[in-house]
Amino acid sequence: MKMKRIAAFAVIFSLLFVNIGAYSQTEGEDPEESQAVFLEAIDESVDESAASVEDKGQENIAAGQEQKNIDFSRQVPADMRLVARNDYLELYINDETTEVAVKDKRSGYIWYTNPQDRNRDSRAAGVNKDLLASQMTITYYTPSSQAKIMNNYTDSVQLGQFEIETIENGVKVTYRIGKESKVYVVPQVISKERMEEKILKNLSDTDARKVLRQYRLFSLEKASERRKQELLAQYPTLANGDLYVLVENIRDYMKESLQEIILSAGYTLEDMNEDHKANNVPPAEANKEVFKIPIEYVLDGENLVVRIPTDEIEYHHDSYPLYSLRLLEFFGAAGLQDEGYMLVPDGSGALIYLNNNKLASSSYFINIYGNDRSVPLTERSSLIEQAYLPVFGMKKGDKALFAIIESGDAMARVCADISGRVNSYNSVCAEFVLIPNDVLDISDYSGNYVIMVYQPRIFKGDIKIRYVFLNGEDANYAGMARYYRKYLENQYGMVQRQQYDDVPFYVELIGAIRKVRSIAGVPVNVLQPVTTYDQAIEILEELKKGGVNDIVLKYTGWANGGVHHTIPSSVKLISKLGGSRAFNRLTAFLEQNQIDYFMDFGIVYAYKNTLFDDFIVRAHASRYITKEVASIYDYNIATDVQDYDRGPYYIISPSKIPSIVDGMIKGLQRLSVKGVSIRDAAIDVNSDFREKRLIDRQQARDILEAQFEKIKNSGLGLMVDGGNAYSLPYVDHIVNIPEESNRFYITDESVPFFQMVIRGHINYAGEPVNLASDYKKAVLKAIEVGGGLYFTFIYDENSAVKETYYDNYYSCEYRIWLDRALEFYREVNEALKDVQGQTIVNHEKLAENVYRTTFENGVQVIVNYNSEDVNIQGMTIEGKGYKVLKGGR
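Below is a summary of the structure that appears in this document. In this text, all values refer to a predicted model and were calculated from it rather than measured experimentally.

1. Examining empty space enclosed by the protein
- By the definition in use, this model includes four cavities of 30 Å³ or more.
- Of the voids in this model, the largest cavity is the one considered here, and its volume is about 90 Å³.
- Among the residues forming the lining of the largest cavity, the class breakdown is four nonpolar, eight polar and one charged.
- The calculated volume of the second largest cavity comes to roughly 60 Å³.
- As for the second largest cavity, its lining consists of L343, V344, P345, G347, S348, G349, Y388, L389, V391, F753 and F754.
- Elements with a minimum of two residues in the lining of the second largest cavity: β15 (340-344) and α16 (753-758).
- Taken together, the residues of the lining of the second largest cavity break down into eight nonpolar, three polar and no charged.

Right, here's the structure in full:
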């Protein structure tokens, strides 16, 4: 009761000086009686206020208890209002916090952009508590190259710096992140002459007095010598005449009123800056560390589409470049009691189990489409597999959230973390690099050793993420894969490519390599054939004799100077491989035997540069952000450092690639070639940071996609390595598709998500079996993921690549591998022949290192990667073995 009375007194005394006149003594009134009336009135007010505080406290406790008992997954909070609805979804927003909720009308489940029980999270504190309430986090740099971070809750919502507007099928919130400081047109120092001329003479006497009331007039005329020195030290221009100086500690509301009067006199901001300059006052400036960023939430059928139109982002790009933006970090976040996992696009795909307690690990992040090699790495990446698909997901119980990055994918990275580190939630989201940067070493020219350099603008294109809500049997990574496959079919026209009766046998033949030979005592880099055109026929004939019916050939190093070839804007056969006659014999053989073949080129890098090709380094090579020519050196396998002895190859500017592809298509058509393999453009996406011809990474990605479409429309078959998502609508075959993840410590399982998306539409194979570290595992992996087998062969002996830059082909002599390759192929073909052209409908872990894949026609494959036998559902599966179940048998 004592605390309640104290609270009540605080209320009373806040009003005391306003209302005390009501109890003041009037003329002729007894002072003691007046005092008694006054104290009695206060006592009554205290009792009433105490009761009010007590009632309010009880209401708050009841409201808190009621909120605690609400099942937010089923009931929308009362402080959220409906802004859009359709047959599938309802969209709500909280006008005070700007958090958003989406109700799935099919299941009744509600997804929130922010955890609704975050205030009860005892682990999160300070900025981490605020992050739970934010919708975006930005990182930017100051003029001194210091990285700073702000979020829209702390630095916008709590400051009231946002606007909400209704748009078609949704809502738009525009944030001004960073505390705004207003510039008032109220001169701090102004000469008496200018005050009278520019302001006072244009005002009424009343307004003039209001203005002068807020200024002090300083004059040297009657000041003592000592006072003169003090004033001149503070205001040197006082020597030129009297000055008016704005009084100190004037409040903003008074400045607002004063500004209104001064502006009415015709005085402008330019006038004030002129007066400030004349009197050594720094020009008035608003806080430049403010970023205006809009975010749109729109219902699109069964999906929520979240978009940030980058052309509406406003910031001071010269002083405070906006490096990155993390969007909806806690959308669908899972708590300590939730069960499930997060899907991340790590290689083939990986799962992070919720609450897995791997707090010793780093948080997860991976760049979509790998690294932009026009931004040099300070050290070699530890990644084995990159992210090829711009997707991520969250499974909670029998509900799942699946996200597709539709725009800005080349600038995106997927981030995820588990509960227990800085808060009690598991979260997965996308972050976008808006303005890439790099460090330039200028130690040769300045005492400052390095400076930060930036891309001069935000990338072209919006940020756009499509969120999909899955329920029941679809609420898992198999359901996410099914949805993404249908999405690619409907949105991008991905269709079922040619399917084979048998499992395809992929064989890469290496044509010509370069080798240093001593000629007359002088080391000379010469072209050496390791598989001629006629020898290629011989190898293929032996495969046919071995019972392989569906061969798919990739011929690398067949033209333009071998494996490291000149740019293919024109196509030139290699005489040492047999010339045009032998090549015609090869293509005739391939077509007669109905062998699909793909002649390999790269279009992203200039692997070899000569004086007489169509590539001029200074004109056609990309630039680093530092404006240096973008050159690449391979890494030495033994030392893991760049090998400068091999010489560089260059990143081709994306602006040059279309003309290269045009020439390549004409050259291949002239030779009557039916298919082309592109080794690099479905793996690497690189910018060109030329100052006047900037092509950002998103633009480069769009250019590469356009080239794949062009190749497909030309009638050529298309094979790629890797398989970045933008290539999928156009390709027939993918080799070197990732079959595992990087197995980072924070992840728990590798899953064949990539294969589950494309199987039945695109044929694929993993790494070459004969170059794998574990041949048997490579074969088992092909069976598990439903892929073909892939081998890299040369006709020459293995010693041919010894002491060359091609020693990665150390185990490719076909004679050594032929029998084993045929044995492996027969095994895989027997296991998978009945599921050719079938999609993967489910994939699950049955035990440690034991997985089951279910195909569209009901056939199941169980693979045991353990060395020991395992018993699964009454069946014994041998160590390093598998079982195929057909019709339940």
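2. A look at unusual backbone geometry
- Even without a glycine there, the phi angle at S145 is positive, about 65 degrees.
- Relative to the elements of secondary structure, S145 occurs in the loop between β5 (136-141) and β6 (147-151).
- In this structure S145 comes out as partly exposed when scored by relative accessible area, which is 30%.
- A positive phi angle is found at Y369, which is not glycine, with a value near 65 degrees.
- Assignment of secondary structure puts Y369 in the loop between β17 (364-367) and β18 (391-396).
- Looking at Y369, the relative accessible area reads 0%, which means it is buried.

3. Digging into the nonpolar core
- Ranked by size, the top nonpolar core spans 204 residues in total, and within it Y467, W558 and F753 carry the most contacts.
- In terms of residues, this core owes the most to one element, helix α18 (residues 814-832), which gives 10 residues.
- Listed in part, the 20 residues of the second largest apolar core include Y184, M195, L258 and A265.

4. As for the sheet that holds strand β11 (residues 243-246)
- If you trace the three strands from one edge of the open sheet to the other, you get β9-β11-β10, paired in antiparallel fashion. Edge strands, defined here as strands with exactly one partner in the open sheet, are β9 (189-191) and β10 (215-218). For this sheet the average axis-to-axis angle between neighbouring strands, irrespective of direction, equals 25 degrees.
- In this structure, β10 lies alongside β11, joined through four bridges in antiparallel fashion. When the bridges of β11 are listed, R216 appears paired with V245.

5. Focus on the pattern of salt bridges
- Per the counting criterion, the structure on display carries 52 salt bridges.
- Measuring nitrogen to oxygen at the nearest pair gives 2.7 Å for the salt bridge that ties K172 to E312. With K172 in strand β8 (residues 170-177) and E312 in the loop between β13 (303-308) and β14 (322-327), this pair connects stretches of sequence that are 140 residues apart.
- With a relative accessible area of 10%, K172 lands in the buried category.
- You can call E312 partly exposed: its relative accessible area is 33%.
- Taken together, the salt bridges that share partners define one network made up of K172, E296, R307, E312 and D462.

6. Here we look at the packing of helix α14 (residues 657-670) against helix α15 (residues 697-713)
- Viewed as axis vectors pointing N to C, α14 and α15 meet at an angle of 15 degrees, and their least axial separation amounts to 10 Å. One way to sum up the angle between α14 and α15 is to call them roughly parallel. Judged by the sense of rotation from one axis to the other, the crossing of α14 with α15 is right-handed. Together, I657, P658, V661, D662, M664 and I665 of α14 and I703, L704, Q707, K710 and I711 of α15 make up the contact between the two elements.
- Considering only residue class, the contact of α14 with α15 consists of eight nonpolar, one polar and two charged.

7. Some words on helix α9 (residues 269-278)
- Buried within α9 we find D271, M272, D275 and H276. For α9, the buried positions fall inside an angular range of 135 degrees around the axis, keeping them on one side. More than 90 degrees from the buried face of α9, the exposed residues found are E270 and K277.
- Check the buried side of α9 and you find it contacts β9 and α5 (192-199).

8. Observations regarding the pairing of β14
- Among the six residues that make up β14, five are buried, leaving the element largely enclosed by the rest of the structure.
- As paired elements, β5 and β14 share five bridges and run antiparallel to each other. Residue pairing across strands places I138 opposite L325, the latter belonging to β14.
- As paired strands, β14 and strand β21 (residues 427-433) are joined by four bridges and run antiparallel to one another. Among the inter-strand pairings, L325 is bridged to a residue of β21, identified as F432.

9. Thoughts on the state of the cysteines
- A full pass over the atoms with the stated rule returns zero disulfides.
- As a non-bridged cysteine, C415 has C429 as the owner of its nearest cysteine sulfur, 4.9 Å distant.
- Residue C415 is classed as buried on the basis of its relative accessible area, which comes to 3%.

Conventions we followed
Residues numbered from 1 in each chain as written. Predicted model: local features only at pLDDT ≥ 70, side-chain atom pairs only at ≥ 80, totals over all residues. Heavy atoms only, no water. 1 Å grid on protein atoms, 1.4 Å probe; cavity = no way out; pocket = protein on both sides within 12 Å on 5 of 7 lines; lining within 4 Å. Points joined across faces, edges and corners; volume = space filled by probe spheres on them. Nonpolar A, V, L, I, M, F, W, Y, C, P; charged D, E, K, R; others polar. Helix = DSSP H or I, 4+ residues; strand = E, 2+ residues; numbered from the N terminus. Buried < 20%, exposed > 50% of the residue type's maximum accessible area, 1.4 Å probe, protein only. Core = buried A, V, L, I, M, F, W, Y, C linked by side-chain atoms within 4.5 Å. Pairing = 2+ DSSP bridges. Axes fitted to C-alpha atoms, helices over the stretch in contact; angles between N-to-C directions. Salt bridge = Lys/Arg side-chain N within 4 Å of Asp/Glu carboxyl O. Parallel < 35°, antiparallel > 145°, perpendicular 65-115°, else oblique. Left-handed = near helix turned anticlockwise from the far one by under 90°. Contact = heavy atoms within 4.5 Å. Arc of directions from axis to C-beta. Disulfide = S-S within 2.5 Å.

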